[in-house]
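Listed here are the chains, written in short residue letters.
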Amino acid sequence: DGGITQSPKYLFRKEGQNVTLSCEQNLNHDAMYWYRQDPGQGLRLIYYSQIVNDFQKGDIAEGYSVSREKKESFPLTVTSAQKNPTAFYLCASGQGVGQPQHFGDGTRLSIL
Amino acid sequence: GQNIDQPTEMTATEGAIVQINCTYQTSGFNGLFWYQQHAGEAPTFLSYNVLDGLEEKGRFSSFLSRSKGYSYLLLKELQMKDSASYLCAVTGAGSYQLTFGKGTKLSVIP
């Protein structure tokens, strides 16, 4: 079945540690996205990529980094510079302008 | 920039009809999406409106008025499983990005 796979489902980070969230899609979509969701807040865009080897900052990119070396993969690194990383992280992919985005099941990140 | 407003919470009775409103202000507009999100789960796509009017899809319908910056999602014959958050999102002209509202949490009661 085609879809988007995020791993792990739950992740714990120690202070000062970088962690990487995985996102893989087999929908052959060009565009991929990372969102952060906090309680009572809507989804906020962290980074997005329209094509391999290219990505753009979203509204809240500080403290995060991404790469897009393959069409299928768009990992997100939460760096130690992100002071409030506890949130639900959602990865999505889409065909492009005017097309719906399809979401993975999310990764819930907590601080130890 | 873009600004999207939705009611925070709504409650409706099983079997009834509920309308969830969304107003938006945007510098460019290329369409409006509605998503459903159950607690702790990923959002799932419900509907997309780019032209004015009503789009019907089973028990769910979505309406758009571009001149008023207004949309609504209509849910008929409510079921308990419809208890979820409903997210309104808009996309700007030629843009890959979606801007989401904060979502409306719908509770369906017996």
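Since the structure is predicted, the reported quantities are computational estimates derived from the model, not experimental observations. (Residues numbered from 1 in each chain as written. Chains lettered and ligands numbered in written order. Predicted model: local features only at pLDDT ≥ 70, side-chain atom pairs only at ≥ 80, totals over all residues. Heavy atoms only, no water.)

Colleague: Which residues make up the overall build of chain B, and what values do they have?
Modeller: Helix and strand counts for chain B come out as zero helices and 11 strands. The secondary structure elements of chain B, listed N-terminal to C-terminal, are β-β-β-β-β-β-β-β-β-β-β. For chain B, whose C-alpha radius of gyration is 13 Å, the value lies close to the compact-globule estimate of 13 Å for 110 residues. Dimensions of chain B along its principal axes, counting C-alpha atoms only, are 45 × 30 × 20 Å. Across the 110 residues of chain B, 44% fall into the buried class. Contacts in chain B between residues far apart in sequence, at least 24 positions, make up 56% of those at least 6 positions apart. (Helix = DSSP H or I, 4+ residues; strand = E, 2+ residues; numbered from the N terminus. Rg over C-alpha atoms; globule rule 2.2 N^0.38 Å. Buried < 20%, exposed > 50% of the residue type's maximum accessible area, 1.4 Å probe, protein only. Contact = heavy atoms within 4.5 Å.)

Colleague: Explain the overall build of chain A to me, using residue names and the numbers behind them.
Modeller: When helices and strands are counted, chain A shows zero helices and 11 strands. The order of helices and strands in chain A, counted from the N terminus, is β-β-β-β-β-β-β-β-β-β-β. In terms of overall size, chain A behaves like a compact globule, its C-alpha atoms giving a radius of gyration of 13 Å where 112 residues would be expected to give roughly 13 Å. With respect to the principal axes defined by its C-alpha atoms, chain A has extents near 35 × 25 × 25 Å.

Colleague: Describe the layout of surface pockets, with residues and values.
Modeller: With a probe scaled to a water molecule rolled over the atoms, the places where space remains empty come into view. Considered as a void within the structure, the largest pocket measures approximately 730 Å³ in volume. Lining the largest pocket are 30 residues, and of these A:Gln37, A:Asp38, A:Gly40, A:Gln41 and B:Lys102 sit closest to its centre. Of all the elements in the fold, those that place two or more residues in the lining of the largest pocket are β9 (87–94) of chain A together with β1 (2–5), β9 (84–91) and β10 (98–100) of chain B. The element that contributes the greatest number of residues to the lining of the largest pocket is β1(B), accounting for four residues. (1 Å grid on protein atoms, 1.4 Å probe; cavity = no way out; pocket = protein on both sides within 12 Å on 5 of 7 lines; lining within 4 Å. Points joined across faces, edges and corners; volume = space filled by probe spheres on them.)

Colleague: How would you explain unusual backbone geometry if you had to name every residue and give the values?
Modeller: Residues and elements named next belong to chain A. Cis peptide bonds are those with omega within 30 degrees of zero, and the linkage from Ser7 to Pro8 qualifies with -10°. Along the chain, Pro8 turns up in the loop between β1 (4–7) and β2 (10–13). Positioned with a positive phi, Asn53 is a non-glycine residue whose angle comes to about 65°. The residue Asn53 is located in the loop between β5 (43–51) and β6 (54–57) in this model. For Asn53, a relative accessible area of 61% puts it in the exposed group.

Colleague: Report on the interface of chain A and chain B, specifying residues and quantitative values.
Modeller: Taken together, the 23 residues of chain A in the interface contact 19 residues of chain B. Here chain A and chain B share an interface that buries about 1700 Å² over both sides, 61% of which is from carbon and sulfur atoms. Run the count over chain A and chain B and you get zero salt bridges. In this structure, the connection of chain A to chain B is made through three residue pairs in polar contact (both at pLDDT 80 or more). For the side of chain A that touches chain B, the secondary-structure elements that each account for two or more residues are β4 (31–37), β5 and β9 of chain A. (Buried area = accessible area lost by both parts, 1.4 Å probe. Salt bridge = Lys/Arg side-chain N within 4 Å of Asp/Glu carboxyl O. Polar contact = N/O pair within 3.5 Å; in protein donor to acceptor, adjacent residues only side chain to side chain.)

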